[in-house]
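The lines below spell out each chain.
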Protein chains: 2
Amino acid sequence: MIAQKKTQFARIDYAIVATDIILFGIIDDTLHTLLIKMKKTGHEGKWAAPGGLMDVKESPEDAVKRILEEKTGLKDVFAEQLGTFGAVNRDNDGRVVAIAYMALVHADPAILRTTEEYAAVCWHDITDLPKLTYDHGEMIEVALERLRAKLAYTNIVRNILPTNFTLTELQNVYETILSKKMDKRNFRKKILSLGIVKKTDKMKTGEKSRPAALYAFKDKEYHAIDIL
Amino acid sequence: MIAQKKTQFARIDYAIVATDIILFGIIDDTLHTLLIKMKKTGHEGKWAAPGGLMDVKESPEDAVKRILEEKTGLKDVFAEQLGTFGAVNRDNDGRVVAIAYMALVHADPAILRTTEEYAAVCWHDITDLPKLTYDHGEMIEVALERLRAKLAYTNIVRNILPTNFTLTELQNVYETILSKKMDKRNFRKKILSLGIVKKTDKMKTGEKSRPAALYAFKDKEYHAIDIL
DNA sequence: CCAAAAGTGTTCGTGTTACACCCATGT
DNA sequence: ACATGGGTGTAACACGAACACTTTTGG
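Parameters at a glance
- As a convention, each chain's residues are numbered from 1 in the sequence order in which they are written.
- Chain A is the first chain written and ligand 1 is the first ligand written, with later ones labelled in order.
- The predicted origin of the model limits local features to residues at a pLDDT of at least 70 and limits the giving and counting of side-chain atom pairs to 80 or more, whereas totals for whole chains, interfaces and linings rest on all residues.
- Only heavy atoms go into the side-chain values, all of them from the structure, while hydrogens and water stay out.
- For patch building, the residue pool is restricted to those with more than 30% relative accessible area and no salt bridge; the joining distance is 9 Å between like charges and 5 Å between nonpolar side chains (Val, Leu, Ile, Met, Phe, Trp, Tyr).
- Every accessible area reported is derived by Shrake-Rupley at a probe size of 1.4 Å, with residue values counting cover from the shown protein chains alone.
- Between Lys or Arg on one side and Asp or Glu on the other, a salt bridge is scored when a side-chain nitrogen of the former is within 4 Å of a carboxyl oxygen of the latter.
- Counted as positive: Lys and Arg. Counted as negative: Asp and Glu. His and the chain ends are not counted at all.
- One atom stands in for each charge, and that atom is NZ of Lys, CZ of Arg, CG of Asp or CD of Glu.
- Only DSSP runs of H or I with at least four residues qualify as helices, and only runs of E with at least two residues qualify as strands; both kinds are numbered from the N terminus onward.
- Residues adjacent in sequence count toward polar contacts only when both atoms are side-chain atoms; beyond that, a polar contact is any pair of N or O atoms within 3.5 Å, and within protein one must be able to donate a hydrogen and the other to accept it.
- At least two DSSP bridges between two strands are required for those strands to pair.
- Residues belong to a common nonpolar core when they are buried Ala, Val, Leu, Ile, Met, Phe, Trp, Tyr or Cys residues joined through side-chain atoms within 4.5 Å.
- Accessible area is worked out with a 1.4 Å probe on protein chains only. A residue is then buried under 20% of its type maximum, exposed over 50%, and partly exposed in between.
- Contacts between residues were defined by any pair of non-hydrogen atoms, one from each residue, lying within 4.5 Å.
- Buried and open spaces are told apart on a 1 Å grid over the protein atoms alone, a cavity being a set of points where a 1.4 Å probe fits but cannot get out and a pocket being an open set with protein on both sides within 12 Å along at least five of seven lines. Residues with an atom within 4 Å of a point are the lining residues.
- Grid points are joined across faces, edges and corners, and a volume is the space filled by probe spheres set on the points.
- Buried area is a sum: the accessible area each of two parts loses on coming together, probed at 1.4 Å, counted once for each and added.
- For this purpose, a residue is taken to be near a molecule or strand whenever a single non-hydrogen atom of the residue falls within 4 Å of it.
- Any residue outside Ala, Val, Leu, Ile, Met, Phe, Trp, Tyr, Cys, Pro, Asp, Glu, Lys and Arg is labelled polar, Gly included; the first ten of those are nonpolar and the last four are charged.

> Help me get a handle on a positive patch on the surface, residues and values and all.
On the surface, a cluster of positive charge is made up of A:Lys184, A:Arg185, A:Arg188, A:Lys189 and A:Lys199. Here A:Lys184 lies in helix 4 (residues 184-194).

Structure, rendered in structure tokens:
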């Protein structure tokens, strides 16, 4: 039945594999995700998360790296597998099984590449998303859930912050992702007692208020530690 | 290069999709996993987790159900996706991307089907596993990690216990999976305060010691709750 | 009557929460 | 001088951890 459709995948007897990436970044102190407005026939004007077919000679992780670089120009982006979406009819064009990844970027340097393949590539506030095609809405739900859970027991937040940051900025990231206010004193006490950040000798100035000490993460590696 | 090998998959230009299942059950108060001894050419005598190719017209979850029924004769088995393993050379016979699932069964009724396809199908103590082929050793690691984590914040344990059980049996499951002794009074206090089990009017007798009250889970559904 | 496992409370220490004021800078 | 966000301590409470004896059955 699927094979009757005239599409690029119709000749395949097996499901083929794609990767889709839910990319998160903080913009204006708010969590945003990167979406693409499609030009492809049958999907004109629809929004989707970036993704693409995995090549037979690359791993899913390599596919994610390649696609991220194509879309954002960034290398060395933190990415974590979320799960695989394989409903038989998730893609009308054929049987495509998508391995979904969540990726985090420091949004500042995330200069987006404009390509002719898409009508638009841009960041969307997570609280104000357009309708998404395929099952990408579901993927974003899963990604958000995972991200929120991991804030509580890993240092994953380091992947979405710039190298140096103030404790208030760190707290803002937690608050915007978790959608809840936290107590400043308790937050700082907790973060400092964990010993995952160290104060640098730099200060953030020019903010029409008292300068704030800049901090950096001690560990370059992502790992588990009880935070909240 | 891969396509040069004369195998059943060699003609495919794309990766194909399989599902592999890490099946857990409690046998003799100890965590066991189901393994298969293969007959397939090139893999003779090697142990692997049950798995198989996904059909183009079935979802990964349906493939898991089908394979579990083929291997164990059981239906309605709890299964959860662990992640997808897609290293380019994970299968020497061709490019196979495997979606790994963890499944839990009440081991009592898990009568294993003997088939001619395999040299053996049997339960192995998790602390004494043979060498595993493909990346199935890694899958079991991931499954164990997931299972242990979920014991602490979900009622997942209901899927590995029979309908009625004593609190000591419940504690034994936690202890064997987590490989640690727990305090009986604290454990019972915690479980009872969560309200996830209810006492039945049955007792377990004939055990050459004082009879124990049998309990059952209140919720049929799997859900999150802080347990430990 | 002895062995074996069931069942049951209290104390202590640690970690989480709630809460308010002074400080340094830019305008 | 005033507006803005930076930075700091303490007290109440909840939760988890440690710990020992009595009860009921089978043999």
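> Which residues make up the side chain of B:Asp93, and what values go with them?
Assignment of secondary structure puts B:Asp93 in the loop between strand 5 (78-85) and strand 6 (96-104). Side chain to side chain, B:Asp93 and B:His43 meet in a polar contact 3.5 Å long.

> A description of the sheet that holds strand 9 (residues 197-204) of chain B should follow, citing residues and the corresponding values.
Taking strand neighbours across the sheet as the criterion, the 3 strands line up as 8-10-9 (chain B) in an open arrangement whose pairing is antiparallel. Two strands close off the open sheet at either side, each with one partner strand: strand 8 (165-166) and strand 9 of chain B.

> Could you give an account of the nonpolar core, naming the residues involved and the relevant values?
In this structure, A:Leu23 and B:Leu23 are the most contacted members of the largest nonpolar core, which totals 45 residues. Apart from residues lying up to four places away in sequence, B:Leu23 is in contact with B:His32, B:Thr33, B:Leu34, B:Leu68, B:Thr72, B:Val77, B:Ala103, B:Leu104, B:Val105 and B:Trp123.

> Requested: an account of the sheet that holds strand 8 (residues 165-166) of chain A, with residues and values cited.
Residue and element names in this part refer to chain A. Strand order across the open sheet formed by 3 strands is 8-10-9, with antiparallel pairing between neighbours. Every interior strand has two partners, whereas the edge strands, strand 8 and strand 9 (197-204), have only one. Here 5 bridges tie strand 9 to strand 10 (residues 212-217), and the two strands are oriented antiparallel to one another. Across the sheet, the residue bridging to Val197 is Phe217, located in strand 10.

> Before we move on, could you go through the layout of surface pockets and cite the residues and values that matter?
By volume, the largest pocket amounts to about 1800 Å³. Lining the largest pocket are 43 residues, with A:Leu82, A:Arg146, B:Gln81, B:Leu82 and B:Arg146 positioned closest to its centre. Where the lining of the largest pocket is concerned, the elements lending two or more residues are strand 5 (78-85) and helix 2 (136-153) of chain A together with strand 5 and helix 2 (136-153) of chain B. The biggest single contributor to the lining of the largest pocket is helix 2 of chain B, with 8 residues.

> Describe in detail the interface of chain A and chain B, supporting the description with residues and values.
Counting from both sides, the interface comprises 22 residues of chain A and, opposite them, 22 residues of chain B. Surface buried jointly by chain A and chain B totals about 1900 Å² across both partners, of which 62% is contributed by carbon and sulfur atoms. Across the contact surface, chain A and chain B share 0 salt bridges. When contributions to the side of chain A that touches chain B are tallied by element, the ones reaching two or more residues are strand 1 (16-27), strand 5 and strand 6 (96-104) of chain A.

> So what's going on with the protein's contact with DNA strand D? Residues and values would help.
Around DNA strand D, the structure places 20 residues, and the nearest of them are A:Lys184, A:Arg188, A:Lys189, A:Ala213 and B:Arg210. Sugar plus phosphate, as a fraction of atoms of DNA strand D within 4 Å of the protein: 39%. A distance of 3.3 Å separates a base nitrogen of DNA strand D from a polar atom in the side chain of B:Arg185. In the model, a base oxygen of DNA strand D is placed 2.8 Å from a nitrogen or oxygen of the B:Arg210 side chain. Taken together, the residues that form the surface near DNA strand D break down as 4 nonpolar, 4 polar and 12 charged.

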